[in-house]
Amino acid sequence: MAENDPSLPLRRISPLATVAEPARYVLADAALVAQKCRDAAVNPRRREIHCFHTRDADRLHRMINALQPGTYVRPHRHLDPPKDEAFVLLSGKMGFVCFRDDGTFDRKDCGILDRDSGVYAVDMPAGGWHAILALTPDTAVFEIKPGPYSPIDDKDFAVFAPREDDPGALGYLKATEDRFRALMGLPPRDWA
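The structure presented is a predicted model; accordingly, all values stated were derived computationally and were not measured. Per-chain numbering applies: the sequence of each chain, read as written, is numbered from 1 onward. Confidence filtering applies because this is a predicted model: local features only for residues at pLDDT of at least 70, side-chain atom pairs given and counted only at 80 or more, and all residues used for totals across whole chains, interfaces and linings. Side-chain numbers come from the whole structure's heavy atoms, not from hydrogens or water.

J.: Outline the overall build of the protein, listing residues and values.
T.: Only DSSP runs of H or I with at least four residues qualify as helices, and only runs of E with at least two residues qualify as strands; both kinds are numbered from the N terminus onward. Secondary structure assignment for the protein yields 2 helices and 12 strands. Going residue by residue from the N terminus, the α and β elements of the protein occur as β-β-α-β-β-β-β-β-β-β-β-β-β-α. For 192 residues, the compact-globule estimate of 2.2 N^0.38 gives 16 Å, and the C-alpha radius of gyration of the protein, at 16 Å, lies within 12% of that figure. Taken along the three principal axes of its C-alpha coordinates, the protein extends 45 × 35 × 35 Å. Burial here depends on accessible area, computed with a 1.4 Å probe over protein chains only, as a share of the maximum for the residue type. Under 20% is buried, over 50% is exposed, and the range in between is partly exposed. Across the 192 residues of the protein, 44% fall into the buried class. Taken as a whole, the protein presents about 9800 Å² of accessible surface, with 56% of it coming from carbon and sulfur. In this tally, Asp and Glu contribute negative charge and Lys and Arg positive charge; neither His nor the terminal groups of the chain are included. The atom standing in for a charge is NZ when the residue is Lys, CZ when it is Arg, CG when it is Asp and CD when it is Glu. Averaged over its 26 positive side-chain charges, the protein has a centre that lies 1 Å from the centre of its 29 negative ones. Based on C-alpha atoms, the radius of gyration is set beside the globule rule, defined as 2.2 Å times the residue count to the power 0.38. A 1.4 Å probe and the Shrake-Rupley method give the accessible areas. Residues count as covered only by the protein chains that appear here.

J.: Give me the side chain of Glu48: which residues, what numbers.
T.: In this fold, Glu48 is placed in strand E3 (residues 47-51). We define a polar contact as two N or O atoms separated by no more than 3.5 Å, with the added condition that, inside protein, one atom must be a possible hydrogen donor and the other a possible acceptor, whereas residues neighbouring each other in sequence contribute only through side-chain atom pairs. Polar side-chain contacts of Glu48 include one of 2.7 Å to the side chain of Lys36. Here, residues are in contact when the closest pair of their heavy atoms is within 4.5 Å. Every residue in contact with Glu48, bar those within four places of it in the chain, is listed here: Arg12, Pro15, Leu16, Ala17, Lys36, Asp39, Ala40, Asn43, Ile64, Asn65 and Ala66.

J.: Describe the nonpolar core, listing the residues and the values that go with them.
T.: For soluble globular proteins, nonpolar side chains are generally found buried alongside one another. Counting residues in hydrophobic clusters, the biggest one holds 19 residues, and the most contacted among them are Val97, Phe99 and Phe180. Per-element tally for this core: the top contributor is helix H2 (residues 169-184), with 5 residues. What Phe99 contacts, discounting residues up to four positions off in sequence, is Pro75, Thr104, Phe105, Trp129, His130, Ala131, Phe160, Tyr172 and Thr176. By nonpolar core is meant a set of buried Ala, Val, Leu, Ile, Met, Phe, Trp, Tyr and Cys residues that side-chain atoms within 4.5 Å join together. Within the second largest apolar cluster, 12 residues are counted, among which are Val73, Met94, Leu113 and Met124.

J.: So what about the side chain of Lys145? Which residues, and what values?
T.: Turning to its location among the elements, Lys145 is positioned in strand E11 (residues 139-146). Setting aside anything within four residues of it in sequence, one finds Lys145 in contact with Leu60, His61, His78, Asp84, Glu85, Asp154 and Lys155.

Structural data, given as structure tokens:
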């Protein structure tokens, strides 16, 4: 939404992402967040990104990451090159897990971004295994991390977690979220 003009269309750059057109400034308003949440709800991956950076080579990547329950964000880290990553909650409720090298985690490795609880953001230093969970429908975060982006080395995926296209990925996600919810005292997940 360039220069606060809600009539400007979003430009799709992949099946998972849109981008803001370059302008003097770009606002992330409720309409944009709602649109990305709707897009995530119909996307087979159950998530969508809206980029504010316009090139993969940009030094700072800023985006809205909209997530629906049941999306699988494979545990990963940003080690080489090292990249810190931060999330600021815009809507919904997001869980995060910081895994140990063997894929295990405990209560102290988990957190919840929840505006009602007054927890709005998480900063994850480079090199730690992590994943995020959409705990409610229409969860959206503002994500910030250094660029440039290269699909070859942007993420180091955890060998303890299945690939996104692996038949075991859904079972792994369910088990991870079930453990997370039990550790955090949350009700059972309501998605199959």
